[in-house]
Amino acid sequence: VKPTFMCGAPRIFEKVRGRVITTASHGVKAKIFDWAFGVGRKVSPVRLAGEEPSGLLALQYRLADRLVFSKIKARMGGKIRFFVSGSAPLSPEVQQWFHAAGLLVLEGYGLTETSAVSCVNNPRVTRFGTVGPPIPGTQVRIADDGEILVKGPGVMRGYHNAAEATAEALKDGWFATGDIGELDEKGYLRITDRKKDLIKTSGGKYIAPQKVEGVLMAVCPYLSQVIVHADGRKYATALITLDPEAIQGWAKEEGLSYSSVAELARSQEVHDLIDGFIAQGNQELERWETIKKFEILATELSVDEGEVTPSMKVRRKAVEKKYADVLNSMYDAD
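This is a predicted model, so every value here is computed, not measured. (Residues numbered from 1 in each chain as written. Predicted model: local features only at pLDDT ≥ 70, side-chain atom pairs only at ≥ 80, totals over all residues. Heavy atoms only, no water.)

Draft legend 1. Fine view of the pairing of strand S6 (residues 147-151). Of all 5 residues that make up S6, 4 are buried, and the element is covered over most of its length. Pairing geometry for strand S5 (residues 139-142) and S6, over 4 bridges, is antiparallel. Across the sheet, Gln-139 pairs through a bridge with Lys-151, a residue of S6. With antiparallel pairing between neighbouring strands as the criterion, S5 and S6 make up a hairpin whose turn holds 4 residues, including Gly-146 at a positive phi of roughly 95 degrees. Alignment of S6 against strand S8 (residues 174-183), held across 3 bridges, turns out to be antiparallel. By the bridge assignment, Val-150 is partnered in S8 with Phe-175. (Buried < 20%, exposed > 50% of the residue type's maximum accessible area, 1.4 Å probe, protein only. Helix = DSSP H or I, 4+ residues; strand = E, 2+ residues; numbered from the N terminus. Pairing = 2+ DSSP bridges.)

Next up, the structure:
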């Protein structure tokens, strides 16, 4: 197809990054790979500032591009100018990884009730960690409790035959999105979490689960999904699913003879592998956000089972209800 731009959910970009990392994790190839991305990370802020690298850094980047980045770009069709990521938060680490390789991933934001898009980053003036400024004709403001409110021609008139729900969501033309965020000094919107998804430990500490999940997904290329649980509990735990292709590739390299992903999920070797990555991710979190225990599920969450939406958003309540016994088992000894 060789597209010049493409839209996708974060999971697509996470899987691409994970696949590339796991195929370049040994020997000389790993050293070249690490060196190239080290150079790319130095070039990234230069380009975000609207400039190009010069001198030795420019020469290093051209070599890194020839040896590593050009191959990643080729797998993306070879003509990509930029990607747009939406439907769920994109990990900053994933976004920065792509940019180091010379591939720009922009974040956008919107809901069905706002005709799909309310904000999107400009490929010429990109601010990582934000979903960009409001599109022309759309207004965004932040309520006193941090909720994002949207007004404009794209906002719905109301829910069909649901006057009470409409009155709750729409006030003076402003639509209450249910998301928490902030506007920076340039008017770019930053999403911090879903209002209804904030969870509170029994010790009174609030945890933004999407933040924790994003950190863990970024550090471990073998994960497919992470669901953080802590509401009313002493500490945070997690349900984890494995990326079948990535974990089976790892098992083959390690000489393990397990015949299925379900068997790998139950194995001590995989538990120890994931435990190491969890410990690494915990170092980036506040003490009360850290994952104390986790369980690896036998299969990925699916649309058919009602565990995720078609756009791959996790239906948190449905998952917690289905795996209530598994979650409770991580607290039973306390």
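Draft legend 2. Highlighting the packing of helix H2 (residues 27-48) against helix H4 (residues 92-100). Remark: H2 packs on H4, axes separated minimally by 7 Å, with the N-to-C direction vectors making an angle of 95 degrees. One way to sum up the angle between H2 and H4 is to call them roughly perpendicular. Contact residues: Phe-33, Phe-37, Gly-40, Arg-41, Ser-44, Arg-47 and Leu-48 in H2; Trp-97, His-99 and Ala-100 in H4. (Axes fitted to C-alpha atoms, helices over the stretch in contact; angles between N-to-C directions. Parallel < 35°, antiparallel > 145°, perpendicular 65-115°, else oblique. Contact = heavy atoms within 4.5 Å.)

Draft legend 3. A look at the environment of Ala-251. Along the chain, Ala-251 falls in helix H7 (residues 244-253). What makes Ala-251 buried here is its relative accessible area of 5%. Spatially, the C-alpha atom of Ala-251 lies 8.5 Å from that of Val-270, the residues being 19 residues apart in sequence.

Draft legend 4. Spatial organisation of the sheet that holds strand S2 (residues 82-85). Spatially, S1-S2-S3-S4 is the arrangement adopted by the 4 strands of the open sheet, whose pairing is mixed. The open sheet terminates on both sides in strands that have one partner only, identified here as strand S1 (5-8) and strand S4 (119-120). When S2 meets strand S3 (residues 105-109), the two strands line up parallel, connected through 3 bridges. Counterpart to Val-84 in the pairing with S3 is Leu-106. Most of the contacts of helix H1 (residues 10-23) go to S1, to which it runs at about 110 degrees, and overall it touches S1, S2 and S3.

Draft legend 5. The packing of aromatic side chains, seen in detail. This model, assessed by the stated rule, comprises 12 aromatic pairs. Geometrically, the ring pair formed by Phe-13 and Phe-98 is edge-to-face, given 5.8 Å between the ring centres and 90 degrees between the ring planes. Taken together, the residues span a long stretch of sequence, with Phe-13 in helix H1 and Phe-98 in helix H4 at a distance of 85 residues. Here Phe-98 falls in the buried class, since its relative accessible area comes to 0%. Considering the side-chain rings of Tyr-61 and Phe-69, the 5.5 Å spacing of their centres and the 40 degrees angle between planes classify their relative orientation as tilted. Here Tyr-61 and Phe-69 have matching classes, each one buried. (Phe/Tyr/Trp six-rings, centres within 6.5 Å; stacked < 30°, edge-to-face > 60°.)

Draft legend 6. Here's a closer look at the pattern of salt bridges. A full pass over the atoms with the stated rule returns 13 salt bridges. Notably, a salt bridge pairs Glu-245 with Arg-19, separated by 2.4 Å at the nearest N-O pair. Here Glu-245, found in helix H7, pairs with Arg-19, found in helix H1; they are 226 residues apart in sequence, far enough to count as distant. On the basis of relative accessibility, which here comes to 47%, the residue Glu-245 falls in the partly exposed class. Here Glu-305 ties to Lys-322 by a salt bridge, and the two come within 3.6 Å at their closest N and O atoms. Residue Glu-305 is located in the loop between strand S14 (291-296) and helix H10 (316-322), and its partner Lys-322 is located in helix H10; the two are separated by 17 residues in the primary sequence. Overall, Lys-322 belongs to the partly exposed group, its relative accessible area being 45%. Salt bridges linked by common partners bring Arg-11, Glu-14, Lys-15 and Asp-243 together as one network. (Salt bridge = Lys/Arg side-chain N within 4 Å of Asp/Glu carboxyl O.)

Draft legend 7. H2, seen in detail. Given a rise of 1.5 Å per residue, 22 residues ought to cover 32 Å, and the 32 Å separating the end C-alpha atoms of H2 matches this to within 8%. Lys-42 marks where H2 bends most, by close to 25 degrees; the proline Pro-45 follows one to four residues later. All buried positions along H2 are accounted for by Ala-30, Phe-33, Ala-36, Phe-37, Val-39, Gly-40, Val-43 and Ser-44. Close packing links the buried residues of H2 with H1, helix H3 (55-75) and H4. (Expected span 1.5 Å × (residues − 1). Bend = angle between axes of the 7 residues up to and from the residue.)

Draft legend 8. Region of interest: the side chain of Thr-126. Along the chain, Thr-126 falls in the loop between S4 and S5. Judged by relative accessible area, Thr-126 falls into the buried class, the value being 12%. Within the structure, Thr-126 has its side chain in polar contact with the backbone oxygen of Asn-122 (distance 2.9 Å). Among all residues touching Thr-126, those that are not within four sequence positions of it are Leu-48, Leu-104, Leu-106 and Asn-121. (Polar contact = N/O pair within 3.5 Å; in protein donor to acceptor, adjacent residues only side chain to side chain.)

Draft legend 9. Here's a closer look at the environment of Asn-161. Note on placement: Asn-161 falls in the loop between S6 and helix H5 (163-169). Spatially, the C-alpha atom of Asn-161 lies 52 Å from that of Asp-272, the residues being 111 residues apart in sequence. A polar contact is formed between the side chain of Asn-161 and the side chain of His-160, at a distance of 3.2 Å.

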